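Residues per chain are reported as follows:
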Amino acid sequence: ENPVSDSFSIGVSDYKKLLGWISESGATPVILMTPYHHTAWLKQGTRIYAAMITTEKIAHQLSQETGAQLLGSFNPVATGCDKSEFEDVSHAKDTCLAKIN
């Protein structure tokens, strides 16, 4: 058994249930992914890189399975944000966030 893997699977399952609950209430759930700075994407072998790729894939899958609207991307290139549009590696400025559609 892998407790980290089990916890991850439970977390994804719980999030999917939450999206379903939101849909059942008559609202359209939205999954919002805000970009990380370009430097977070430079080293493909890092944990943060792997986490961004994995989480974004899961978000797309959940969106398809639940009908949740998916906005944004962790990848700043996909949202059209440049390097100057970040406060730090994980906090985009309003000019970057305004590009999410």
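Bear in mind that the values here come from a model prediction, so they are computed numbers and not experimental data.

Trainee: Give me the lowdown on the environment of Thr-95, citing residues and values where you can.
Mentor: With respect to the helices and strands, the residue Thr-95 is situated in helix α4 (residues 94-97). Given a relative accessible area of 42%, Thr-95 falls into the partly exposed group. A sequence separation of 46 residues divides Thr-95 from Tyr-49, and the C-alpha atoms of the two residues are 23 Å apart. A polar side-chain atom of Thr-95 sits 3.0 Å from a polar atom in the side chain of Glu-85.

Trainee: So what about the nonpolar core? Which residues, and what values?
Mentor: Across soluble globular proteins, nonpolar side chains have a tendency to be buried as a group. Leu-19, Ile-31, Met-33, Ala-40, Trp-41, Tyr-49, Met-52, Ile-58, Ala-59, Leu-62, Ala-68 and Phe-74 form the largest nonpolar core, which has twelve residues in total. Residue assignment for this core shows that the elements contributing at least two residues are β1 (30-33) and α2 (47-66). It is α2 that provides the largest number of residues to this core, a total of five residues. Discounting residues that sit within four places of it in the chain, Trp-41 has contacts with Tyr-36, Tyr-49, Met-52, Ile-53, Phe-74, Asn-75 and Pro-76.

Trainee: Got a sec to walk through the environment of His-38? Specific residues and values, please.
Mentor: Mapping His-38 onto the fold places it in the loop between β1 and α2. Since its relative accessible area comes to 15%, His-38 is described here as buried. Discounting residues that sit within four places of it in the chain, His-38 has contacts with Pro-76, Val-77, Cys-81, Asp-82, Lys-83 and Phe-86. A polar atom in the side chain of His-38 sits 3.1 Å from the backbone oxygen of Cys-81.

Trainee: A description of the side chain of Ser-63 should follow, citing residues and the corresponding values.
Mentor: Examined against the element boundaries, Ser-63 turns out to sit in helix α2. On the basis of relative accessibility, which here comes to 13%, the residue Ser-63 falls in the buried class. Only 2.6 Å separates the side chain of Ser-63 from the backbone oxygen of Ala-68, close enough to count as a polar contact. Those residues in contact with Ser-63 that sit more than four places away from it in its chain are Ile-31, Ala-68, Gln-69 and Leu-70.

Trainee: Before we move on, could you go through the state of the cysteines and cite the residues and values that matter?
Mentor: As enumerated under the stated definition, the model contains one disulfide in all. Across the disulfide, Cys-81 is cross-linked to Cys-96 (sulfur-sulfur distance 2.0 Å). In this structure, the disulfide formed by Cys-81 and Cys-96 twists by about 90° around the S-S bond and is classed as right-handed. Highlighted residues: Cys-81 in the loop between α3 (76-79) and β3 (86-88) and Cys-96 in helix α4, separated in sequence by 15 residues. Considered together, Cys-81 and Cys-96 belong to a single accessibility category, that of buried residues.

Thresholds applied
- Residues numbered from 1 in each chain as written.
- Predicted model: local features only at pLDDT ≥ 70, side-chain atom pairs only at ≥ 80, totals over all residues.
- Heavy atoms only, no water.
- Helix = DSSP H or I, 4+ residues; strand = E, 2+ residues; numbered from the N terminus.
- Buried < 20%, exposed > 50% of the residue type's maximum accessible area, 1.4 Å probe, protein only.
- Polar contact = N/O pair within 3.5 Å; in protein donor to acceptor, adjacent residues only side chain to side chain.
- Core = buried A, V, L, I, M, F, W, Y, C linked by side-chain atoms within 4.5 Å.
- Contact = heavy atoms within 4.5 Å.
- Disulfide = S-S within 2.5 Å.

In short, the description is geometric, and any link to function would need to be established separately.
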